[in-house]
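# Fold and contact review
Chain by chain, the residues run as shown.
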Amino acid sequence: MALENEGDIIALEKVYENKYAYLSYNKDAEVMVCEVRESYIPMGEFQVIFNAALAFIKENPVRKFIFDKRALKAFHQPSMEWYFTEWKPKVYELGLSVHRKILPPETWFRKCVEAGKHMIMTKNDTIIPALDIQYCESLKEALEA
């Protein structure tokens, strides 16, 4: 698998895969990509995917994590809360603070993400302010940002 980036190719090695998503990695760029494959991910499967990413990050240098959610057609707040309050603090402790997200184009989904993030920040002690989180429109943009 390879991504075009300004005429260059960044090769990504698939390191985990299930029905809902796959994780790919580029050692030289220290980039991990999680690309969603289905329109909905049950929370248990979501946790399996991100725990697989966590196990990989514990053993390999990852400076940037790209979460490509474009295939999603459903928003699930409990998964988002777990992701921000449980998973992100663990990878932050491992040195990963750069997160890029590629959202589906639907406005309602983007508003749900915004509202969900706000709710998490008001209800929980969170590391969100310490993270470098940017929203991108493509993998190319996420790699460059």
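For the structure, check the block above.
Here's what I pulled together on the structure shown here.

Procedures and definitions
- Residues numbered from 1 in each chain as written.
- Predicted model: local features only at pLDDT ≥ 70, side-chain atom pairs only at ≥ 80, totals over all residues.
- Heavy atoms only, no water.
- Salt bridge = Lys/Arg side-chain N within 4 Å of Asp/Glu carboxyl O.
- Helix = DSSP H or I, 4+ residues; strand = E, 2+ residues; numbered from the N terminus.
- Buried < 20%, exposed > 50% of the residue type's maximum accessible area, 1.4 Å probe, protein only.
- Pairing = 2+ DSSP bridges.
- Axes fitted to C-alpha atoms, helices over the stretch in contact; angles between N-to-C directions.
- Expected span 1.5 Å × (residues − 1).
- Bend = angle between axes of the 7 residues up to and from the residue.
- Contact = heavy atoms within 4.5 Å.
- Right-handed = clockwise from strand over helix to strand, strands pointing away.
- Phe/Tyr/Trp six-rings, centres within 6.5 Å; stacked < 30°, edge-to-face > 60°.

## Here we look at the pattern of salt bridges
Throughout the structure, instances matching the rule amount to 7 salt bridges. We note a salt bridge from Lys123 to Glu81, for which the minimum N-O separation is 3.6 Å. In this pair, Lys123 is assigned in helix α3 (residues 107–123) and Glu81 in helix α2 (residues 77–93), connecting sequence segments 42 residues apart. Between Glu137 and Arg110 there is a salt bridge; the shortest N-O distance is 3.0 Å. Remark: Arg110 occurs in helix α3 and Glu137 occurs in the loop between β8 (132–136) and α4 (139–144); sequence separation between them is 27 residues. Overall, Arg110 belongs to the partly exposed group, its relative accessible area being 26%. Here the salt bridges do not stand alone but share partners, grouping Lys14, Glu17 and Arg37 into one network.

## Some points on the sheet that holds strand β6 (residues 64–68)
Sheet architecture is open: 6 strands sit in the order β3-β4-β5-β6-β7-β8, paired in mixed fashion. Both edges of this open sheet fall to β3 (13–17) and β8, since each of them pairs with a single strand only. Neighbouring strand axes in the sheet, compared pairwise and without regard to direction, differ in orientation by 20° on average. With 5 bridges connecting them, strand β7 (residues 98–102) and β8 associate as parallel partners. Of the residues in β8, the one forming a bridge with Val98 is Asp132.

## A word on α2
Between its first and last C-alpha atoms α2 spans 24 Å; for 17 residues at 1.5 Å apiece the expected length is 24 Å, and the two agree. If you look at α2, its biggest bend is around 35°, right at Trp87, and the proline Pro89 turns up within four residues after that. Looking only at α2, the buried set comprises Gln77, Ser79, Met80, Glu81, Trp82, Tyr83, Phe84, Trp87, Lys88 and Val91. As for α2, its buried residues are in contact with α1 (43–59), β6, β7, α3 and β8. Positive backbone phi, at 100°, marks Gly95, one or two positions downstream of α2.

## Digging into the pairing of β7
The side chains of a regular strand alternate, first on one face of the sheet and then on the other. For β7, the tally of buried residues reaches 5 of 5 residues, placing the bulk of the element in the interior. On β7, burial covers both faces: Val98, Arg100 and Ile102 on one face and His99 and Lys101 on the other are all buried. Both β6 and β7 contribute to a ladder of 5 bridges, which runs parallel. Looking across to β7, one finds that Ile66 is bridged to Arg100. The β-α-β motif built from β6, the intervening α2 and the parallel element β7 has right-handed crossover chirality.

## Digging into the packing of aromatic side chains
This structure, assessed with the given rule, holds 15 aromatic pairs. Ring geometry for Phe46 against Phe50: centres 4.6 Å apart, planes inclined by 35°, an arrangement best described as tilted. With Phe46 and Phe50 both in helix α1 and 4 residues apart, the pair spans about one turn of that helix. Here the two residues Phe46 and Phe50 agree in accessibility, since each one is buried.

Take it as geometry only, folks, not as evidence of what the structure does.
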